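Residue strings, one per chain:
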Amino acid sequence: MNILDQMAEHARQRVEAAKQTLPLAEIKRQALSLPKGDFRFEKALAKPGLAFICECKKASPSKGLIAPEFPYLQIAREYEAAGADAISVLTEPKWFLGSDDYLKEIASAVSTPCLRKDFTVDAYMIYEAKLLGASAVLLICAILNDAQLKEYLAICEDLGLSALVEAHDDAEVDRALAAGARILGVNNRNLKTFTVDTENSRRLRARIPQDVLFVSESGVKTAEDVSGLAAIGADAVLIGETLMRAPDKTAKLRELKGLL
Ligand SMILES: O=P(O)(O)OC[C@@H](O)[C@@H](O)c1c[nH]c2ccccc12
């Protein structure tokens, strides 16, 4: 089984365990009783100019431990103060050493919209995201079928959550668009092999209509990478490792924005 399928399988097990404590009907009821979201994540990306989604990520399957010390609240507050348009928080516990608690605490500490970065494989996880205070969830085409994509987008719509729909090749872009995605992320990292190539964003850009928000994800390291992606019409970039490894994240973000 490739790593992506393993992560999806483990997510299904996490959902089954969570349902033992809080059944689907109950979490759904709780999530739907909260005030409907106002798609803040989408609005933040739609503003003029390139938007920056800054990620809180302690570790990853390709890089291992990235940030042994992980003062997540401090990091999120620094991202917000430095002008992040959105904050991505890994909640996957096994490979990314993420936690639902990180997201919950961050979302209540900042006013910047937060993305729950996880391997959504069940509607249950979308209701969880809502309860944790997220403004958006990630839907990865490679681990979802067409019916799931449609169903999960409809649930997001009901809850007022945005969905970042991640695609890696032409067929996945087409599936995401057919399902009605309004925010399309192209992952420059192949989650099956871990190879990174920003060329992928460039190539797939042409398939994505102008009225769909386009996010280029992963492997963004320099101001040149950023300006190159802005030049092909990216609406946002999602940056994790480069910021996580920077001792001064504010300065690094300024540098990436071409301001230093
Ligand atoms: O650390 P990077 O190379 O800047 O990448 C960030 C983000 O794009 C990456 O964490 C990511 C993109 N898609 C994902 C799906 C699941 C987990 C993680 C990801």
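Because the structure is predicted, anything quoted here is derived from the model rather than measured.

1. Points about the state of the cysteines
Logical step 1: Per the stated rule, a full pass over the model turns up zero disulfides.
Logical step 2: Looking at C54, it has no disulfide partner, and the nearest cysteine sulfur is the one in C56, 8.6 Å off.
Logical step 3: No disulfide involves C56; its sulfur sits 8.0 Å from the nearest other cysteine sulfur, which is in C114.
Logical step 4: Its relative accessible area of 1% is what places C56 among the buried residues.

2. Examining the site of the ligand
Logical step 1: Around the ligand there are 17 residues in total, and E55, K57, R189, S218 and G240 lie nearest to it.
Logical step 2: The side chain of K57 places a nitrogen or oxygen atom 2.7 Å from an oxygen atom of the ligand.
Logical step 3: The separation between an oxygen atom of the ligand and a polar side-chain atom of S218 is 2.7 Å.
Logical step 4: The fraction of the free accessible surface of the ligand (440 Å²) that becomes covered by protein chains is 99%.
Logical step 5: Contributions of two or more residues to the shell around the ligand are made by β6 (136-140) and β10 (236-239).
Logical step 6: Residues belonging to the shell around the ligand are distributed by class as follows: six nonpolar, four polar and seven charged.

3. Here's the deal with the pattern of salt bridges
Logical step 1: Applying the stated criterion across every chain yields a total of 21 salt bridges.
Logical step 2: E16 is the salt-bridge partner of K19, the closest N and O atoms lying 3.8 Å from each other. A residue pair is termed a helical-turn pair when its members lie 3 or 4 positions apart in one helix, as K19 and E16 do in helix α1 (residues 3-21) at three residues.
Logical step 3: Across the pair D122 and K19 runs a salt bridge whose closest N-O atoms are separated by 3.3 Å. Note that D122 is positioned in the loop between β5 (114-117) and α6 (123-132) and K19 in helix α1, a separation of 103 residues in sequence.

4. Digging into unusual backbone geometry
Logical step 1: Phi angles above zero are rare outside glycine, and L97 is one such case at about 50°.
Logical step 2: Positioned with a positive phi, S218 is a non-glycine residue whose angle comes to about 80°.
Logical step 3: Secondary-structure assignment places S218 in the loop between β9 (213-217) and α10 (223-231).

5. Re the packing of aromatic side chains
Logical step 1: One pass over the full model with this rule turns up four aromatic pairs.
Logical step 2: Measuring from ring centre to ring centre gives 6.0 Å for F70 and Y72, while their planes differ by 40°; the resulting arrangement is tilted.
Logical step 3: Here F70 falls in the buried class, since its relative accessible area comes to 12%.
Logical step 4: Taking the relative accessible area as the measure of exposure, Y72 reaches 17% and is therefore buried.
Logical step 5: When the ring of Y72 is compared with that of Y102, the centres are 4.3 Å apart and the planes differ by 40°; the resulting orientation is tilted. In this pair, Y72 sits in helix α4 (residues 72-81) while Y102 sits in helix α5 (residues 100-109), placing the two residues 30 residues apart along the sequence.

Rules of the game
Residues numbered from 1 in each chain as written. Predicted model: local features only at pLDDT ≥ 70, side-chain atom pairs only at ≥ 80, totals over all residues. Heavy atoms only, no water. Disulfide = S-S within 2.5 Å. Buried < 20%, exposed > 50% of the residue type's maximum accessible area, 1.4 Å probe, protein only. Near = heavy atom within 4 Å. Polar contact = N/O pair within 3.5 Å; in protein donor to acceptor, adjacent residues only side chain to side chain. Areas by Shrake-Rupley, 256 points an atom, 1.4 Å probe, with all protein chains shown as cover. Helix = DSSP H or I, 4+ residues; strand = E, 2+ residues; numbered from the N terminus. Nonpolar A, V, L, I, M, F, W, Y, C, P; charged D, E, K, R; others polar. Salt bridge = Lys/Arg side-chain N within 4 Å of Asp/Glu carboxyl O. Phe/Tyr/Trp six-rings, centres within 6.5 Å; stacked < 30°, edge-to-face > 60°.

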